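Structural characterization, general
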Number of protein chains: 2
Amino acid sequence: VIRARVHHVAYVVPDIDAALPEFRDRLGMTIEIRETMADQGVEAVMLRAGDAWVELIRPLDPEGAIARFLATRGQGLHHVAYAVDDIAAALAELRDAGLELIDPEPRIGLGGHLVAFVHPRSATGALTELVQDHG
Amino acid sequence: VIRARVHHVAYVVPDIDAALPEFRDRLGMTIEIRETMADQGVEAVMLRAGDAWVELIRPLDPEGAIARFLATRGQGLHHVAYAVDDIAAALAELRDAGLELIDPEPRIGLGGHLVAFVHPRSATGALTELVQDHG
């Protein structure tokens, strides 16, 4: 049985340093990770916001999905991530239930966590990430 | 100083009962509140998801902002809410910093909390809610 917990909300922004003052200085969140993920063509920051996090993502690859999102929709909410205890079991359960998975197998995401994305078509219209935060 | 904590993520859906199985049965969240807010023209559900919540919102008023959102963008992520200790102080601080507030004063939201919305133009492109969860 999956027990999904809100893990983070992610925003796509054109400029992380321009977005940071709102979240860090005005809203009082704390930067925990800042990382360039060259293989995914993004730079990302994770800020602690209570028991969950806010992620800011900037495209580095002008041809990538994040750059396309920014060009067509502008900066704003990109996805929601839910923590689960066992991501492989959760993915198997969702696949068996007929959900469309973008990542059929977990991969390494920001901060070294195992992550996988579910297609918005199978997730109430919102790009949805699972994150394994234990083990 | 504001210490904002992720409180909930809200989805607009055309049919709450059709959306509930994903969140309740598949992802293992627990319904805490189901309420019709006639003055706002919506029905809403809050599901507990770890230390934060997921809100599902259905328009009751076909002329309202939520119905327009659904008609133009389809179901999906609508806003993110951050908990603060003192919403009146937080609103004053954000107003003084030049942010565009949709609610210049707190009002009563789902579950009886004091809430106020910040315009996406002043919040990294995302409709943003503040919720006072203490006091």
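Above: the structure in question.
Cut-offs used in this document
- Residues numbered from 1 in each chain as written.
- Chains lettered and ligands numbered in written order.
- Predicted model: local features only at pLDDT ≥ 70, side-chain atom pairs only at ≥ 80, totals over all residues.
- Heavy atoms only, no water.
- Helix = DSSP H or I, 4+ residues; strand = E, 2+ residues; numbered from the N terminus.
- Rg over C-alpha atoms; globule rule 2.2 N^0.38 Å.
- Buried < 20%, exposed > 50% of the residue type's maximum accessible area, 1.4 Å probe, protein only.
- Contact = heavy atoms within 4.5 Å.
- Areas by Shrake-Rupley, 256 points an atom, 1.4 Å probe, with all protein chains shown as cover.
- Lys, Arg positive; Asp, Glu negative; His and termini not counted.
- Charge placed at Lys NZ, Arg CZ, Asp CG, Glu CD.
- Pairing = 2+ DSSP bridges.

Within chain A, the regular secondary structure consists of 3 helices and 8 strands. For 135 residues, the compact-globule estimate of 2.2 N^0.38 gives 14 Å, and the C-alpha radius of gyration of chain A, at 15 Å, lies within 12% of that figure. Once the C-alpha set of chain A is aligned to its principal axes, its extents read approximately 40 × 35 × 25 Å. In chain A, which comprises 135 residues, the proportion classed as buried is 53%. In chain A, the proportion of contacts linking residues at least 24 apart, taken out of those at least 6 apart, comes to 52%. As displayed, chain A offers around 6000 Å² of accessible surface, 50% of which is attributable to carbon and sulfur atoms. With 12 positive and 21 negative side-chain charges, chain A shows a spacing of 4 Å between the two charge centroids.

Let us now look at the pairing of strand 1 (residues 5-12) of chain B. All names here are of chain B. For strand 1, the buried fraction is high: 8 of the 8 residues fall into the buried class. Two elements, strand 1 and strand 5 (residues 76-84), share 7 bridges in a ladder whose sense is antiparallel. Looking across to strand 5, one finds that Val-6 is bridged to Tyr-82. Sheet topology note: the strand 1/strand 4 (residues 52-59) ladder contains 5 bridges and is parallel. Bridge pairing in strand 4 places His-8 opposite Trp-53.

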